Structures are given as structure tokens and as C-alpha cells.
Amino acid sequence: DAGVTQSPTHLIKTRGQQVTLRCSPKSGHDTVSWYQQALGQGPQFIFQYYEEEERQRGNFPDRFSGHQFPNYSSELNVNALLLGDSALYLCASRRGQGIDQPQHFGDGTRLSIL
Amino acid sequence: TQLLEQSPQFLSIQEGENLTVYCNSSSVFSSLQWYRQEPGEGPVLLVTVVTGGEVKKLKRLTFQFGDARKDSSLHITAAQPGDTGLYLCAGLIYNQGGKLIFGQGTELSVKP
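The model shown is predicted, which means the values in this text are computed figures rather than measured ones. (Residues numbered from 1 in each chain as written. Chains lettered and ligands numbered in written order. Predicted model: local features only at pLDDT ≥ 70, side-chain atom pairs only at ≥ 80, totals over all residues. Heavy atoms only, no water.)

Caption draft 1: The overall build of chain A, seen in detail. On a plain count of helices and strands, chain A comes out with 0 helices and 11 strands. Starting at the N terminus, the α and β elements of chain A follow one another as β-β-β-β-β-β-β-β-β-β-β. On the principal axes, the C-alpha backbone points of chain A span a range of 40 × 25 × 25 Å. Counting all 114 residues of chain A, 48% fall into the buried class. The long-range fraction of contacts in chain A, counting pairs at least 24 apart against all pairs at least 6 apart in sequence, stands at 54%. Summed over its atoms, the accessible surface of chain A is roughly 5500 Å², and 47% of this surface lies on carbon and sulfur atoms. In chain A, 10 positive and 11 negative side-chain charges are present, and the distance between their average locations comes to 8 Å. (Helix = DSSP H or I, 4+ residues; strand = E, 2+ residues; numbered from the N terminus. Buried < 20%, exposed > 50% of the residue type's maximum accessible area, 1.4 Å probe, protein only. Contact = heavy atoms within 4.5 Å. Areas by Shrake-Rupley, 256 points an atom, 1.4 Å probe, with all protein chains shown as cover. Lys, Arg positive; Asp, Glu negative; His and termini not counted. Charge placed at Lys NZ, Arg CZ, Asp CG, Glu CD.)

Caption draft 2: How the structure looks around unusual backbone geometry. In this model, S7 of chain A is joined to P8 of chain A through a cis peptide bond whose omega is -10°. Along the chain, S7 of chain B connects to P8 of chain B via a cis peptide bond; the corresponding omega equals -10°. Tracing the backbone shows P8 of chain B in the loop between β1 (5-7) and β2 (10-14). Within the chain, E52 of chain A stands out as a residue other than glycine whose phi angle is a positive 65°. Mapped onto the elements of the fold, E52 of chain A is located in the loop between β5 (44-50) and β6 (53-57).

Caption draft 3: Quick peek at the sheet that holds strand β7 (residues 61-65) of chain B. Residues and elements named next belong to chain B. Ordered in space as β1-β3-β8-β7-β6, the 5 strands form an open sheet in which the pairing is antiparallel. Both edges of this open sheet fall to β1 and β6 (55-58), since each of them pairs with a single strand only. Averaged over all pairs of adjacent strands, the angle between their axes in this sheet comes to 15°, without regard to strand direction. Examined bridge by bridge, β7 and strand β8 (residues 71-76) share 5 bridges and lie antiparallel to one another. (Pairing = 2+ DSSP bridges. Axes fitted to C-alpha atoms, helices over the stretch in contact; angles between N-to-C directions.)

Caption draft 4: The packing of aromatic side chains, seen in detail. A complete count under the given rule lists 9 aromatic pairs over all chains for this structure. Ring geometry for Y35 of chain A versus F105 of chain A: centroids 5.5 Å apart, planes at 50°, classification tilted. Here the residue Y35 of chain A occupies a position in strand β4 (residues 31-37), and F105 of chain A occupies one in strand β10 (residues 104-105), the gap between them amounting to 70 residues. In terms of burial, Y35 of chain A and F105 of chain A fall into one category: buried. Each ring, one from F105 of chain A and one from F102 of chain B, has its centre 6.1 Å from the other, and the planes form 75°; the classification is edge-to-face. Of this pair, F105 of chain A sits in strand β10 while F102 of chain B sits in strand β10 (residues 100-102), each in a different chain. (Phe/Tyr/Trp six-rings, centres within 6.5 Å; stacked < 30°, edge-to-face > 60°.)

These figures come from the coordinates and say nothing about function on their own.
Next comes the structure, spelled out in C-alpha cells:
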């Protein structure tokens with residue numbers, strides 16, 4: 001039973017470019033959340049998707065957008081990349097919308113902006 | 001605004017010593033979770049505490065949720081080099097769905 005898988009594992013971009021990160025949730029999970037973890041910090045919530053809709057959003061600019069597909073997989077898109085966007089981007093999935101359901105994290109995508 | 005203050009940020013100890021990590025907030029959480037993260041990997045859930053005053057034990061790790069559900073602690077007894085890693089506390093707030101609010105993390109190094 002595969003857990004949460006993210007691709008790519010590493011990515012290098014330059015300022016102003018755009019990037020798309022991908023996440024496949026754990027089998028049986030239908031809710032996907034994205035987090036940004038800067039070096040030496042705890043993860044920060046970006047947004048959450050359920051039933052192909054954005055349900056919650058953290059304090060991130062509109063340059064950060066996402067999508068969820070009918071198979072529950074998800075994408076995170078970031079436009080007009082800034083140096084400060086360099087971070088580990090984590091995807092987490094859980095079953096349903098109940099907050100008592102544990103979230104499972106992928107190993108993340110390490111994004112470096114030059 | 002950092003809703004969860006985690007301390008200490010760094011901790012370097014010798015094998016066999018005890019340690020405690022704290023998470024404090026002015027907000028009430030419906031539950032609080034503790035994760036451990038290794039380099040190059042995502043956080044792995046260790047425990048979830050839900051009830052005020054709750055204590056949970058996981059081998060040499062003891063987790064406690066404050067009576068008012070605003071704070072939590074992680075105590076490790078007789079630390080081992082294998083305990084080395086980043087420990088993160090994360091809380092869930094009522095009416096905010098599954099949005100986890102993380103502390104800054106505690107980087108623990110246990111030297112043999």
C-alpha cells in the first residue's frame with residue numbers, strides 16, 4: 001500500500017519562472033493539503049483540497065494555486081517565483097474531512113530558486 | 001503570527017540523558033499532534049492527544065496535553081542516538097478543518 005508520493009523530489013528554478021508540483025495521496029484518502037517548510041522552520045499550511053475544490057487557504061499570495069483531480073491527486077502551482085519560495089513543499093493526505101483523521105505526509109519536493 | 005511556540009529550538013545531549021520539549025500557545029486546540037522528521041523525509045506522526053490532561057506513552061517517549069488544551073510537552077527518557085531528528089508539534093483548531101498549525105520544531109542531536 002503506497003503512501004503519499006510526491007514528484008519531483010528536487011527542482012531548481014530561476015526567479016520569475018513557474019513551477020508545478022505533484023502529489024498522489026495515500027490509497028483511500030481523498031483530502032489533500034499542501035505545506036511549505038522553509039529551512040529550519042515548521043511547515044506552514046498553504047491550502048487544502050477536497051472534492052476537487054479548495055476548502056481552506058493559509059496566508060499565501062495568489063501566486064500559489066492548486067488543483068485536485070477526480071482521482072484525488074493534486075498539483076501545486078507557483079507563478080513568478082521569488083527567492084523566498086525556496087523551501088520543501090510537503091503534501092499531506094487524509095480520509096474525508098473529519099479532523100480526527102490522521103494526516104500522512106509525503107517526503108516532499110525540495111524547490112530551490114536561483 | 002506564530003500560534004504555537006516550541007522550545008527549545010536546538011538541543012544537543014549525551015546518550016542516556018533525559019529531555020523535555022515544550023509547545024505553548026494562547027489558543028485552544030481540539031487536538032495536538034507530535035511528529036518526527038528525518039532529513040530528506042516528510043514528518044511522521046508519533047502521537048495525537050485530544051483530551052485536556054491526557055498523557056500518552058510510546059516506549060521512552062511521554063506526551064502530555066495541558067489541562068486547558070493550550071500546551072503540550074514531549075519527554076524522552078534515556079535518549080539514544082536513534083532519537084536524533086526534528087520534532088514538531090502541530091495543533092488543530094476548532095472550526096478550521098484539517099489545517100495543522102506547526103511549531104518551529106526542535107532539532108535534537110543525541111551523541112553516543
